[in-house]
Amino acid sequence: MKVLHTIQDLKAELKAYRNEGKSVGLVPTMGALHAGHASLVERSVRENDVTVVSVFVNPTQFNDKNDLAKYPRTLEKDCELLEEKGATIAFAPSVEEVYPEPDTRVFSYPPTDEVMEGGFRPGHFNGVCQVVSKLFMMVEPDRAYFGEKDFQQIAVIKRMAEDQKFKLEICPCPIVREESGLALSSRNTLLTAEEKDIAVNISKTLFASLDYAKSHSLEETKQWVIDTLNGIDGLEVQYYEIVDGTSLASLKEWEDSEDIVGCITVFCGQIPVRLIDNIRYK
Ligand code: PAF
């Protein structure tokens, strides 16, 4: 596996593969890789001749400077995992390489980018669209892989790719969970062992809500999830929304859509750590 840091080197390397007619898969990441990322890389390696994994903590998608500073950075360890999983190229550019000048482009895809994360993290999805569109232009992949833990992110990226007429397939990949059910996240490394035990209640409650939903309305189910989690010491729900799986518009009744997903963000522990998860009802 090659570890490249400049766009020029990346393009030169990819040109050689393109000339041989090879297909290219892209796995965009911010590093601190875990088994969830590994599953994306494994899938890309299975489905493409060449797999590029970008490792870049993108400053434009952080609206909180503290959150950006706290974000774990573990490039050496990440490269070991990528090598083991069969990635062809790890692309780890500097901030100056990706943003030689400020990116002033504005991406707007209401309501998909305005609700939930969009409401609580203003500018977040604009930053995600900025960096992902840059990566798409640099790599020109045939396929790009994203984890469904960030369900809203995939919906926004799909709209951006369509809007910007990128010719590639966006491949959503299932959430990878610990045996306890906790959704894997780079942020889990910021939790103490005790906080991790508390965080397990997020997925437990979401799974339990599938049963609860069978005999309760959508609004009751939503409130039950919020109340259950807020009743646990060390957890505070920021939002729980039950939405249409494509537009992400909030729903009122189970009959309102055939594609229904519950999306949650919960603060956990002392620091606190912001954790997200989701569950499909239909
Ligand atoms: O999901 C992430 O890790 C990031 O939002 C992404 C897609 C790599 C863009 O920085």
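Scroll up to find the structure.
Residues numbered from 1 in each chain as written. Predicted model: local features only at pLDDT ≥ 70, side-chain atom pairs only at ≥ 80, totals over all residues. Heavy atoms only, no water.

(A) Quick peek at the nonpolar core. Counting 34 residues, the largest nonpolar core has L10, V52, F136 and M160 as its most contacted members. Those elements giving two or more residues to this core turn out to be α1 (7-19), β2 (24-29), β3 (50-55), β4 (89-91), α7 (124-139), β5 (143-147) and α8 (151-163). With 9 residues, α7 is the largest single contributor of residues to this core. With residues up to four places along the chain from it excluded, the contact list for V52 reads L10, L14, V24, G25, L26, V27, I89, F91 and V139. Residues L229, I260, I264 and L275 belong to the second largest nonpolar core, which totals 26 residues. (Core = buried A, V, L, I, M, F, W, Y, C linked by side-chain atoms within 4.5 Å. Buried < 20%, exposed > 50% of the residue type's maximum accessible area, 1.4 Å probe, protein only. Helix = DSSP H or I, 4+ residues; strand = E, 2+ residues; numbered from the N terminus. Contact = heavy atoms within 4.5 Å.)

(B) Quick look at the sheet that holds strand β8 (residues 260-268). The strand order across the open sheet built from 3 strands is β7-β8-β9, with neighbouring strands paired in antiparallel fashion. A strand with exactly one partner marks an edge of an open sheet, and here the two such strands are β7 (235-244) and β9 (273-280). Looking at each pair of strands side by side, their axes are set apart by 15° on average, direction ignored. Bridge count for β8 against β9 is 8 bridges, and the pairing is antiparallel. Residue pairing in the sheet places G262 in a bridge with I279 of β9. In the packing of helix α9 (residues 193-212) onto the sheet, contacts are made with β7, β8 and β9, and the angle to β9 comes to roughly 20°. This element, helix α10 (residues 218-230), spans β7 and β8 of the sheet and lies at about 160° to β7. (Pairing = 2+ DSSP bridges. Axes fitted to C-alpha atoms, helices over the stretch in contact; angles between N-to-C directions.)

(C) Summary view of the site of the ligand. The full set of residues close to the ligand is P28, T29, M30, N58, Q61, V131, F146, D150 and Q153. The contact in question runs from an oxygen atom of the ligand to an N or O atom on the side chain of Q61, over 2.6 Å. Side-chain polar atom of Q153 to an oxygen atom of the ligand: 2.7 Å apart, as the coordinates give it. Here the ligand, which alone exposes 290 Å², has 88% of that area covered by the protein. When atoms are counted within 2 Å of each cavity's grid points, the one that captures over half of the ligand is the largest cavity. Looking at the shell around the ligand, its residues break down into 4 nonpolar, 4 polar and 1 charged. (Near = heavy atom within 4 Å. Polar contact = N/O pair within 3.5 Å; in protein donor to acceptor, adjacent residues only side chain to side chain. Areas by Shrake-Rupley, 256 points an atom, 1.4 Å probe, with all protein chains shown as cover. 1 Å grid on protein atoms, 1.4 Å probe; cavity = no way out; pocket = protein on both sides within 12 Å on 5 of 7 lines; lining within 4 Å. Sits in = over half its atoms within 2 Å of the grid points. Nonpolar A, V, L, I, M, F, W, Y, C, P; charged D, E, K, R; others polar.)

(D) Spotlight on the sheet that holds β2. An order of β1-β4-β3-β2-β5-β6 is seen for the 6 strands of this open sheet, with the pairing classed as parallel. Looking at strand neighbours, the two that pair on one side only are β1 (2-4) and β6 (169-173), the edges of this open sheet. This sheet shows a mean twist of 25° between the axes of neighbouring strands, independent of strand direction. Two elements, β3 and β4, share 3 bridges in a ladder whose sense is parallel. By the bridge assignment for β4, V52 is matched with I89. On the sheet, helix α4 (residues 75-85) packs against β1, β3 and β4 and is oriented at approximately 165° with respect to β3. Seen against the sheet, α7 touches β2, β3, β4, β5 and β6 and runs at an angle of roughly 150° to β2.

(E) Quick look at the pairing of β5. Two strands pair when backbone bridges link them, and β2 and β5 are joined in this way by 2 bridges, in the parallel orientation. Considered in β5, the bridge of L26 is made with A144. Sheet topology places β5 next to β6; 5 bridges connect them, and they run parallel. Note that in β6 the partner of R143 across the bridge is E169. With respect to chirality, the unit in which β5 leads through α8 into the neighbouring parallel β6 is right-handed. (Right-handed = clockwise from strand over helix to strand, strands pointing away.)

(F) Focus on the pattern of salt bridges. Applying the stated criterion across every chain, the model contains 19 salt bridges. A salt bridge links E117 to R274; its shortest N-O distance comes to 2.9 Å. One end of the pair, E117, is in helix α6 (residues 117-120); the other, R274, is in strand β9, with 157 residues separating them in the sequence. For the pair shown, E117 and R274 are each scored as buried. E178 is the partner of K196 in a salt bridge, and the nearest nitrogen-oxygen pair spans 3.0 Å. On the criterion of sequence distance, the pair formed by K196 in helix α9 and E178 in the loop between β6 and α9 is long-range, its members being 18 residues apart. K196 gets classed as partly exposed once you look at its relative accessible area, which sits at 27%. Each of D67, E117, R121, R187 and R274 takes part in one network of salt bridges that share partners. (Salt bridge = Lys/Arg side-chain N within 4 Å of Asp/Glu carboxyl O.)

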